[in-house]
Amino acid sequence: AQKITQTQPGMFVQEKEAVTLDCTYDTSDQSYGLFWYKQPSSGEMIFLIYQGSYDEQNATEGRYSLNFQKARKSANLVISASQLGDSAMYFCAMREAPGFGGSNYKLTFGKGTLLTVNP
Amino acid sequence: DAGITQSPRYKITETGRQVTLMCHQTWSHSYMFWYRQDLGHGLRLIYYSAAADITDKGEVPDGYVVSRSKTENFPLTLESATRSQTSVYFCASSWQQPGGYYEQYFGPGTRLTVT
């Protein structure tokens, strides 16, 4: 079973509008973290935002916010006031509990959503 | 320059050849990772390392070998390249942020084609 599911292979949004990119996850851990990364056409991976499972408030970073609904196991990324430069692939990722010795800081990624911002 | 670098950036090799992809980071981060990115699969973890001389398998380790004799370097070797290993390979390193979480910093990627 997939641990991270991004159900939208592609999304379109008009410039200056808000857009929500969906992410659901599957874990039995109580302690975990959720990340969003952006990958523009140039290929680099850019960290956007992080949400810890124990964080009571939704994370925000500038125009990015994370709509964290723990009971539904969803961690949707909201981009407000979309810009042309937001056109990119967006990946949701999860870090599960570190495990004994604290060495398990690896991430599991979803398959991504390709966002296109139209002028 | 500080950061994480990968070399080569592009590589074409033949089936059966051994190939080594290099990864170097200047931050002295403890954790390092190798991912491959393929259409329709997102990023999948190949191997990771918690410190020098400590490595472990990820989701898709078959056909790959890693070593980490120094904290800053984490080479990935394809012992006998196959066409299915044609992919973009990302190296990443990780360090704890002030907020307590471990953000991963990615290298620019290596595009490998196996003919």
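Here is what the cut-offs are and how they apply
- Residues numbered from 1 in each chain as written.
- Chains lettered and ligands numbered in written order.
- Predicted model: local features only at pLDDT ≥ 70, side-chain atom pairs only at ≥ 80, totals over all residues.
- Heavy atoms only, no water.
- Helix = DSSP H or I, 4+ residues; strand = E, 2+ residues; numbered from the N terminus.
- Rg over C-alpha atoms; globule rule 2.2 N^0.38 Å.
- Buried < 20%, exposed > 50% of the residue type's maximum accessible area, 1.4 Å probe, protein only.
- Contact = heavy atoms within 4.5 Å.
- Areas by Shrake-Rupley, 256 points an atom, 1.4 Å probe, with all protein chains shown as cover.
- Salt bridge = Lys/Arg side-chain N within 4 Å of Asp/Glu carboxyl O.
- Polar contact = N/O pair within 3.5 Å; in protein donor to acceptor, adjacent residues only side chain to side chain.
- Core = buried A, V, L, I, M, F, W, Y, C linked by side-chain atoms within 4.5 Å.

A. Representation of the overall build of chain A in the model. Helix and strand counts for chain A come out as zero helices and 12 strands. In chain A, the succession of α and β elements from N to C terminus is β-β-β-β-β-β-β-β-β-β-β-β. A compact globule built from 119 residues would reach a C-alpha radius of gyration of about 14 Å, and chain A, at 14 Å, matches this within 12%. Expressed as a percentage of the 119 residues in chain A, the buried residues total 47%. The long-range share in chain A, meaning contacts at least 24 apart out of those at least 6 apart in sequence, stands at 56%. Carbon and sulfur atoms make up 50% of the accessible area of chain A, which totals about 5,800 Å².

B. Expanded view of the pattern of salt bridges. Under the defined criterion, the tally for this structure stands at five salt bridges over all chains. For the salt bridge of Asp 86 of chain A with Arg 63 of chain A, the shortest nitrogen-to-oxygen distance reads 2.8 Å. Of the two residues, Asp 86 of chain A sits in the loop between strand 9 (74-79) and strand 10 (88-95) while Arg 63 of chain A sits in the loop between strand 7 (60-61) and strand 8 (64-69), which places them 23 residues apart along the sequence. One salt-bridge network, held together by shared partners, links Arg 36, Asp 38 and Arg 44 of chain B.

C. How the structure looks around unusual backbone geometry. Residues and elements named next belong to chain B. That bond from Ser 7 to Pro 8 is cis: its omega, -10°, falls within 30 degrees of zero. Among the secondary structure elements, Pro 8 is positioned in the loop between strand 1 (4-7) and strand 2 (10-13). Positive phi is not limited to glycine here, since Asp 53 has a value of about 70°. In this structure, Asp 53 sits in the loop between strand 5 (42-51) and strand 6 (54-57). We classify Asp 53 as exposed; its relative accessible area is 65%.

D. The arrangement of the side chain of Ser 87 of chain B in detail. Residues and elements named next belong to chain B. You can see Ser 87 is positioned in strand 9 (residues 87-96). On the accessibility criterion, Ser 87 (5% relative accessible area) is buried. Engagement of the side chain of Ser 87 in a polar contact is seen with the backbone oxygen of Gln 37, the distance being 2.9 Å. In contact with Ser 87, other than residues within four places in its own chain, are Arg 36, Gln 37, Asp 38, Thr 110, Arg 111 and Leu 112.

E. Molecular detail of the nonpolar core. All names here are of chain A. In terms of nonpolar packing, the biggest core is built from 25 residues, with Leu 21, Tyr 25, Trp 36, Ile 49, Leu 77, Tyr 90 and Leu 115 touching the most fellow members. Going through the elements one at a time, strand 2 (10-14), strand 3 (19-21), strand 5 (33-39), strand 6 (46-52), strand 8, strand 9, strand 10 and strand 12 (113-118) are the ones with two or more residues in this core. Those residues in contact with Leu 115, other than ones at most four positions away along the chain, are Met 11, Val 13, Val 19, Leu 21, Ile 79, Asp 86, Ser 87, Ala 88 and Tyr 90.

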